[in-house]
Amino acid sequence: MKNCRICNYRATEIISFGKMPIANNFLEKQNFEKEYFFNLMALFCDFCKTFQLADQPKPELMFHENYAFFSSSSKKMSLHFEQMAHHYFNQFLLNKEQSFVVELGSNDGIMLQHFAQKNIKHLGIEPSDNVAQVARNKGINTITDFFQEELAIAIEKQYGKADIISAANVMCHISDLASVAKGVIHLLKKTGVFVFEEPYLGDMIQKTSYDQIYDEHVYIFSLLSVINIFKPYGLQVFHVEPQVTHGGSMRYYLGFENQHIINKSVSEQLLKEKKLGLDVLETFYAFKNACEKNKTEFIALLHTLKKQNKRIVGYAATSKSTTVLNYCNIGSDCIEYISDTTPIKQGKFSPGVHIPIKTYQNFKDDMPDYAILFAWNHAQEIFEKEEEFIKKGGKWITFVPEVKILNMI
Ligand code: TMP
Ligand code: ZN
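Residues numbered from 1 in each chain as written. Chains lettered and ligands numbered in written order. Predicted model: local features only at pLDDT ≥ 70, side-chain atom pairs only at ≥ 80, totals over all residues. Heavy atoms only, no water.

**Overview of the coordination of the zinc ion (ligand 2)**
Each pair of donors in an ideal octahedron of six around a metal sits at 90 or 180 degrees, and each pair in an ideal tetrahedron of four sits at 109.5 degrees.
Turning to step 1, where the next piece is worked out: Every protein donor of the zinc ion (ligand 2) is listed here as Cys 4 (SG), Cys 7 (SG), Cys 45 (SG) and Cys 48 (SG), and their distances to the metal cover 2.3 Å.
Turning to step 2, where the next piece is worked out: Coordination geometry of the zinc ion (ligand 2): the 4 donor atoms subtend angles of 101 to 121° at the metal centre, consistent with an arrangement described as tetrahedral. (Donors = N, O, S within 2.8 Å, 3.2 Å for Na, K, Ca; no water. Tetrahedral: all angles 85-135°; square planar, octahedral: opposite > 155°, others 65-115°.)

**Details of the site of ligand 1**
Turning to step 1, where the next piece is worked out: Within the structure, ligand 1 sits among 13 residues, and Lys 320, Asp 340, Thr 342, Lys 345 and Lys 385 are positioned closest to it.
Turning to step 2, where the next piece is worked out: Within the side chain of Asp 340, an N or O atom sits 2.8 Å from an oxygen atom of ligand 1.
Turning to step 3, where the next piece is worked out: Taking Thr 342, its side chain carries an N or O atom lying 3.0 Å from an oxygen atom of ligand 1.
Turning to step 4, where the next piece is worked out: Look at ligand 1: alone it shows 490 Å² of surface, and the protein chains cover 96% of it.
Turning to step 5, where the next piece is worked out: Class assignment of the residues belonging to the shell around ligand 1 gives a composition of 4 nonpolar, 5 polar and 4 charged. (Near = heavy atom within 4 Å. Polar contact = N/O pair within 3.5 Å; in protein donor to acceptor, adjacent residues only side chain to side chain. Areas by Shrake-Rupley, 256 points an atom, 1.4 Å probe, with all protein chains shown as cover. Nonpolar A, V, L, I, M, F, W, Y, C, P; charged D, E, K, R; others polar.)

**Quick word on the nonpolar core**
For soluble globular proteins, the rule of thumb is that nonpolar side chains tend to be buried together.
Turning to step 1, where the next piece is worked out: Membership of the largest hydrophobic core comes to 101 residues, with the highest contact counts inside it found for Leu 104 and Phe 194.
Turning to step 2, where the next piece is worked out: At 8 residues, the largest contribution of residues to this core is made by helix α10 (residues 281-307).
Turning to step 3, where the next piece is worked out: Among all residues touching Leu 104, those that are not within four sequence positions of it are Ile 125, Phe 147, Ile 165, Ser 166, Ala 167, Ala 168, Val 170, Met 171, Val 180 and Phe 194.
Turning to step 4, where the next piece is worked out: Within the second largest apolar cluster, 23 residues are counted, among which are Met 77, Ile 110, Ala 116 and Ile 140. (Core = buried A, V, L, I, M, F, W, Y, C linked by side-chain atoms within 4.5 Å. Buried < 20%, exposed > 50% of the residue type's maximum accessible area, 1.4 Å probe, protein only. Helix = DSSP H or I, 4+ residues; strand = E, 2+ residues; numbered from the N terminus. Contact = heavy atoms within 4.5 Å.)

**Some points on the side chain of His 173**
Turning to step 1, where the next piece is worked out: With respect to the helices and strands, the residue His 173 is situated in the loop between β8 (162-168) and α6 (177-187).
Turning to step 2, where the next piece is worked out: A distance of 3.3 Å separates a polar atom in the side chain of His 173 from the backbone oxygen of Asn 169.

**Concerning the pattern of salt bridges**
Turning to step 1, where the next piece is worked out: Tallied over the entire structure, the rule returns 15 salt bridges.
Turning to step 2, where the next piece is worked out: Residues Asp 366 and Arg 311 are paired through a salt bridge, measuring 2.8 Å at the closest nitrogen-oxygen approach. Separated by 55 residues along the polypeptide, Asp 366 in the loop between α12 (360-365) and β16 (370-373) and Arg 311 in the loop between α10 and β13 (312-315) bring together distant segments of the chain.
Turning to step 3, where the next piece is worked out: Connected via shared salt-bridge partners are Glu 197, Glu 241 and Arg 251. (Salt bridge = Lys/Arg side-chain N within 4 Å of Asp/Glu carboxyl O.)

Structural data, given as structure tokens:
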């Protein structure tokens, strides 16, 4: 029995995915022996309504100088962050010369670069030094650190208070949200906006996209849980906007109580969540059953294709794929390789099941029968890019929202 990370109430076990490696820990052969594993189990707290992991590896094991995730590797994401920056710029920076924009988990500067280009005072806080260095090389003011209260105090002393504190796909990584909240209330101007967007629980439940659950995602938020998490710190959600990124995300706008007009999007989204049952345990038990069914069908499909001597490869070695491959125990006897555009992953092996990671060119030159779309959240971008694969007779396999071979003609 585990207690909730947020409210300390007893949380309920929903599903165990078994022994799991670090999702982004692409490794070399000589490191197979000392690979780190933990038990990937999801819980739901019926009190504060937060969906969370029972155990999470130490942050240093996940976010370090060899972190393999670079935000700018996708064109769609670059565009998404450009639009986000412009939206903030127009909406919330009233006095542009005096403004200060902070980003938590600023990665390679994909969002902040748009403020840097406009000479707006900004600061990125990024725990993985290799990605932070890429940002610094682009002229984006970035420090390598984890955001918490003491750091917020130091930043405030040096730069003053912030108009915007932004985070994207970061808050769900941080177990100790109390420390972040304390930092935010210290650093944020009275009328400032704390805005973050994260994979959305409603999408995960509706699509059975259980691959959102991996070491880095210690929480999968709903609006209801976000309200409950930040209320004790005097922070109020005044607006929400659904996003298509990462397979379905939600952007939450928070501010100090009574400083912002509450948009009707908040009550509307709460109603949707009620209809989806994001506040009741039964919904999560049904999700568990759906995950198990998905696993059985995925294994069965791949076995059938292998029996027919079909060649199967993986497309994009996403962090999400680590959960699927390890939960379903699918290795290199089934999937020959996974092609990925990120140089740091190439030539290495996937976490846990050790499937070789090859270059994108390798996939282009090859003619596999089937490619598993691990980056299903980038489906549109990928299908547009890979018309040639279909023309040559290749077929896509997906597993979200259900296991199937895609009929592209
Ligand atoms: P994610 O954003 O869903 O986590 O996926 C990121 C990974 O997918 C990253 O390693 C790059 C890889 N990728 C490709 O290899 N080809 C593609 O076309 C896309 C969109 C991503
Ligand atoms: Zn709780």
